[in-house]
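Fold and contact review
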Amino acid sequence: MYELLKQIVRSGIKSEPSPEPDENLKIINQRLHEDILKQFGRSLAIRHIDTGSCNACELEIHALNNPYYNLEGLGIHFVASPRHADMLLVTGPVSRHMETALLRTYEAIPDPKLVVTVGDCSCSRGPFEKNYATIGNVSRIIPVDVALPGCPPSPRKIMSAILAAIQIKKPEKNTYIPEIRSFKPESDA
Amino acid sequence: MTDLKELNIELNPLPGAIPATFAQVNEETLRTTCRACQESGGRLVAIWGTDAYHQASQNRFTVHIALVFAQGLVCLSHPILNDPPSCTDLGDIFFPARRMQRALFDMMGIRFTAPDQRPWLRHGAWPETLFPLRKDSNESLFYQNTPDPYSFIQVTGEGVHEIAVGPVHAGTIEPGHFRFQVVGEKILRLEERLGYTHKGIEKRFESLEWAEGVKLAGRVSGDSTVAHGWAYVMAVENLCGHTAPIRSLWLRALALERERIANHLGDLGALGNDGGLAFGLSQFSRLKEDWIRTNDLIFGHRYLMDFIIPGGVNHDVAHAQTIQIQHEVQIIRKEVQHLKRIYDEHAGLQDRFLMTGRVLPDLATDLGMIGLAGRASGIAFDLRTQFPCTPYDALNVNMITHHNGDVAARVIVRFEEIFESLRLIELILAKLPQGDVRSDIPEPPSNSIGLGWIEGWRGEVFVAVHTDSRKKPLRIHVHDPSWQNWPAIEYAVMGNIVPDFPLINKSFNLSYSGHDL
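Residues numbered from 1 in each chain as written. Chains lettered and ligands numbered in written order. Predicted model: local features only at pLDDT ≥ 70, side-chain atom pairs only at ≥ 80, totals over all residues. Heavy atoms only, no water.

1. Section: the sheet that holds strand E10 (residues 186-193) of chain B
Residues and elements named next belong to chain B. Read from one edge to the other, the open sheet built from 3 strands follows the order E8-E9-E10, with strand pairing classed as antiparallel. Among the strands making up the open sheet, the edge pair consists of strand E8 (160-165) and E10. Put simply, the sheet's adjacent strands are angled 20 degrees from each other on average, direction ignored. Direction of pairing for strand E9 (residues 177-183) relative to E10: antiparallel, over a ladder of 7 bridges. For Arg179, the partnering residue across the bridge sits in E10 and is Glu191. (Pairing = 2+ DSSP bridges. Helix = DSSP H or I, 4+ residues; strand = E, 2+ residues; numbered from the N terminus. Axes fitted to C-alpha atoms, helices over the stretch in contact; angles between N-to-C directions.)

2. Focus: the pattern of salt bridges
Working definition: two side chains of opposite charge can pair if their charged atoms are close together. Residue and element names in this part refer to chain B. Enumeration over the complete set of coordinates arrives at 41 salt bridges over all chains. For Arg189, the salt bridge goes to Glu191, with nearest N and O atoms at 3.7 Å. Its relative accessible area of 23% is what places Arg189 among the partly exposed residues. Under the relative-accessibility criterion, Glu191 is labelled buried at 5%. In this structure, Glu417 engages Arg375 in a salt bridge whose closest nitrogen and oxygen atoms are separated by 2.8 Å. Note that Glu417 is positioned in helix H13 (residues 407-431) and Arg375 in helix H11 (residues 371-375), a separation of 42 residues in sequence. Here Glu417 matches Arg375 in class, with each residue buried. (Salt bridge = Lys/Arg side-chain N within 4 Å of Asp/Glu carboxyl O. Buried < 20%, exposed > 50% of the residue type's maximum accessible area, 1.4 Å probe, protein only.)

3. What about the domain arrangement of chain B?
Residue and element names in this part refer to chain B. Each assigned domain of chain B is listed here: domain 1 (4-137) and domain 2 (214-478). On the domain 2 side, the residues contacting the 31 residues of domain 1 number 23 residues. Carbon and sulfur atoms make up 70% of the surface buried where domain 1 meets domain 2, a total of about 2200 Å² over both sides. Inspection of the region where domain 1 meets domain 2 yields 1 salt bridge. Here Arg43 makes a salt bridge to Glu460, at a shortest N to O gap of 2.8 Å. Linking domain 1 to domain 2 there are 5 residue pairs in polar contact (both at pLDDT 80 or more). Those elements that place two or more of their residues in the side of domain 1 that touches domain 2 are strand E2 (20-24), strand E3 (43-51), strand E4 (61-69) and strand E5 (72-80). (Domains from an automatic or database assignment. Contact = heavy atoms within 4.5 Å. Buried area = accessible area lost by both parts, 1.4 Å probe. Polar contact = N/O pair within 3.5 Å; in protein donor to acceptor, adjacent residues only side chain to side chain.)

4. Considering the packing of helix H6 (residues 246-274) of chain B against helix H15 (residues 501-508) of chain B
Residue and element names in this part refer to chain B. Between H6 and H15, the least distance of the axes is 9 Å, while the angle of their chain directions is 170 degrees. Relative to H15, H6 is oriented roughly antiparallel. Where H6 abuts H15, its residues Asp267, Ala270, Leu271 and Asp274 lie against Pro502, Leu503, Lys506 and Ser507. A breakdown of the residues in the contact of H6 with H15 according to their chemical character gives 4 nonpolar, 1 polar and 3 charged. (Parallel < 35°, antiparallel > 145°, perpendicular 65-115°, else oblique. Nonpolar A, V, L, I, M, F, W, Y, C, P; charged D, E, K, R; others polar.)

5. Comments concerning the pairing of strand E15 (residues 473-479) of chain B
Of all the 7 residues making up E15(B), 7 are buried; the element is thus mostly covered by neighbouring parts of the structure. If you look at the hairpin formed by strand E14 (residues 460-467) of chain B and E15(B), you'll find 5 residues sitting between the two strands, and B:Lys471 has a positive phi there, around 65 degrees.

6. Remarks on the interface of chain A and chain B
Residue-level contacts link 51 residues of chain A with 56 residues of chain B. For the chain A and chain B pair, buried surface summed over both sides reaches about 4500 Å², with 58% attributable to carbon and sulfur atoms. When the area that chain A buries against chain B is broken down by residue, the three leading residues are A:Arg96, A:His97 and A:Tyr132, summing to 19%. Taken together, the connections running from chain A to chain B amount to 2 salt bridges. A salt bridge links A:Arg10 to B:Glu335; its shortest N-O distance comes to 3.9 Å.

7. Focus on the nonpolar core
Among the nonpolar cores identified, the biggest contains 169 residues, and B:Trp230, B:Tyr232, B:Leu451, B:Trp453, B:Phe462 and B:Phe508 are the most heavily contacted of them. Both domain 1 (4-137) and domain 2 (214-478) of chain B contribute no fewer than three residues apiece to this core. If we ignore the near neighbours within four places in the chain, the residues touching B:Phe508 are B:Val359, B:Met369, B:Ala373, B:Arg410, B:Arg414, B:Asn485, B:Ala488, B:Ile489 and B:Ala492. Residues A:Ile61, A:Leu64, A:Val118 and A:Ile166 belong to the second largest nonpolar core, which totals 23 residues. (Core = buried A, V, L, I, M, F, W, Y, C linked by side-chain atoms within 4.5 Å.)

8. Concerning the environment of B:Pro175
Along the chain, the position of B:Pro175 falls in the loop between E8 and E9. Taking relative accessible area as the criterion, B:Pro175 reaches 2% and is therefore assigned buried. On a C-alpha basis, the gap between B:Pro175 and B:Ser513 in space is 8.8 Å, while along the polypeptide they are 338 residues apart. Ignoring any residue separated from it by four or fewer positions in sequence, one finds B:Pro175 in contact with A:Asp50, A:Met98, B:Pro167, B:His169, B:Tyr196, B:Thr197 and B:Tyr512.

9. With respect to the sheet that holds E4(B)
Residues and elements named next belong to chain B. Spatially, E1-E2-E5-E4-E3 is the arrangement adopted by the 5 strands of the open sheet, whose pairing is mixed. Both edges of this open sheet fall to strand E1 (12-14) and E3, since each of them pairs with a single strand only. Between one strand and the next, the sheet's axes are offset by a mean angle of 25 degrees, whatever the strand orientation. The pairing of E2 with E5 spans 5 bridges and is classified as parallel. Its bridge partner being in E5, Gln24 is matched across the sheet by Ser77. Most of the contacts of helix H1 (residues 27-39) go to E4, to which it runs at about 20 degrees, and overall it touches E3, E4 and E5. Its contacts with the sheet put helix H2 (residues 97-108) on E3 and E4, and the angle it makes with E3 is roughly 10 degrees.

10. Digging into the state of the cysteines
All names here are of chain B. By the definition in use, this model includes 0 disulfides over all chains. Free of any disulfide, Cys34 has its nearest cysteine sulfur in Cys37, 6.9 Å distant. Judged by its relative accessible area of 0%, Cys34 falls in the buried class. (Disulfide = S-S within 2.5 Å.)

11. A short note on the packing of aromatic side chains
Within a pair of aromatic rings, the relevant descriptors are the distance that separates the centres and the angle that separates the planes. This model, assessed by the stated rule, comprises 20 aromatic pairs over all chains. Between B:Phe205 and B:Tyr232, the ring centres sit 5.5 Å apart and the planes meet at 20 degrees, which makes this aromatic pair stacked. Here B:Phe205, found in helix H3 (residues 201-205), pairs with B:Tyr232, found in helix H5 (residues 225-240); they are 27 residues apart in sequence, far enough to count as distant. Overall, the relative accessible area of 0% leaves B:Tyr232 in the buried class. Grouping aromatic residues by their ring pairs yields a cluster made of B:Phe178, B:Phe180, B:Trp486, B:Phe501 and B:Tyr512. Stacked on the ring of A:Phe128, the Lys or Arg B:Lys199 has its end atom at 5.0 Å from the ring centre. (Phe/Tyr/Trp six-rings, centres within 6.5 Å; stacked < 30°, edge-to-face > 60°. Lys NZ or Arg CZ within 6 Å of the ring centre and 35° of its normal.)

Here it is in structure tokens:
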């Protein structure tokens, strides 16, 4: 236990230590906090769903919780159930095998809810073209508030995307009624 | 392992960076060769199929099977003569063949005479009469959802109940379904169902030139982008009879070892967290962030994507940057040594790790386990040691193994592999040859095959590239080591309690995307 405590002291506080990239991050942090307070009370709860990502975007979402970015320190945290969430963070090009799971997860989040897509795949730019197994764009299944490109986007960019979504004013009751249907290739938006 | 000469089959050497031979066999020889391989301590690497529709070939479908013998890879090609196409079951010889055969039916419609005929990669997104990898498949017919009945094997008895988990899990991880049969807290049986992230990668490969294909290969599994990228270009370079400049091969190894360390750092943190020590996650994720920020500075990408290209690497590493890496290696080594002491001495953590999720060596051999999880269960195989390609033949890699096969063993192997990879990085930087890092690859021959085989952090990644009569890609098969190790988790969790499942699963940390393709 002594060694453990010593290591904590020795490591110090790593959040935003370097002046260059982390200074920008700090500004985002402060703005983010105000917006959260306005719209969601004291915290923002995010539910993540992987709809067929290669796992690189997941690695960057994991990194958001490391001491450098310290997302949880701002009152933003990831939750296990969509019913506890304010925001859905979607990665992947939507494999057709995940279409129903994506819809159900979206429906399970209480209104008002926000959707942020992370990564090239989720907004039709990725290496996985739409084909027999892949829909290729999250916005064809559920309404998207912010679409963040990148392969994968850096944790800082993911933070700015979350911020951008919080600034979007949403109606109290969601008017979008999703239905489970088969994807047709002709109906490309 | 059996001597290849005793097999009585005509083996043609496949030139390239790995020892590989190729043979055409009939059904009987296929079985006897597989049996000889299994009995002599060899094992199955991958099963895939090709469709020669439109090609001037006598038979349309061929099943290909890659095996490991003491002398290297043996690729057996078995032409399928019957219609509808079917092939003898190899699941009784090689355990991992079972799911691969089911997947091959879903993708290409070659039916194996196996007891389990349930679909594997196909869910309800397209009818079971359609096969996406067939050359005459009409994609517009695929867009009709069909019922998706899937019968899990149930356990009955007093107090037995079922827990269904997924495809969406509680944490930030990839999707898959786990069906537990439990009594009280104790797991009697686990059955996995994967395929949720299937996105038609192998079909997509067929329409891509080599330079584009390597980008896709780098995104088969985002945490193994170097391993998959290298295996892909190795297959292409072997196919074309080309050797990339020596310096680029050393830089590829540098990238591969950096990828290994990044993933091990991340996993050790996550395992600490799952074992109830959040301190471990904070510390290791800090080290990982430092490590991948250096990747970003030197290689231009935090996860090293698109660094490896056909014929070399994308850019050189300057001398000043090698000094920077050497400096970083020393810091990370010291930090990890310190954290290892804390992990070793933490009674609560060791209590969660020890004897949890055990796969003993005999079972691991039967299951055909490979890679990191295999080595933690006494399977002494590491491509960098057994069949080292350049530059590993000059590095004398120390293989790390353990015989306990529990979560603790997989943690120890990760720690030791970090130290070994740090040593390798120092050695690579000290011996890095001078020269170009890019070259043009020649045109590939027609109707040929090239194989790539690389020991990634999770295990060996295998890629087979076939060309057609117009020298274009006919079929690209990508095989992630997760195929071999996913079934092992079903055995590892037996008799453990449900709350230990996340810890056991994390200690394997297998790829869903790399498996589902």
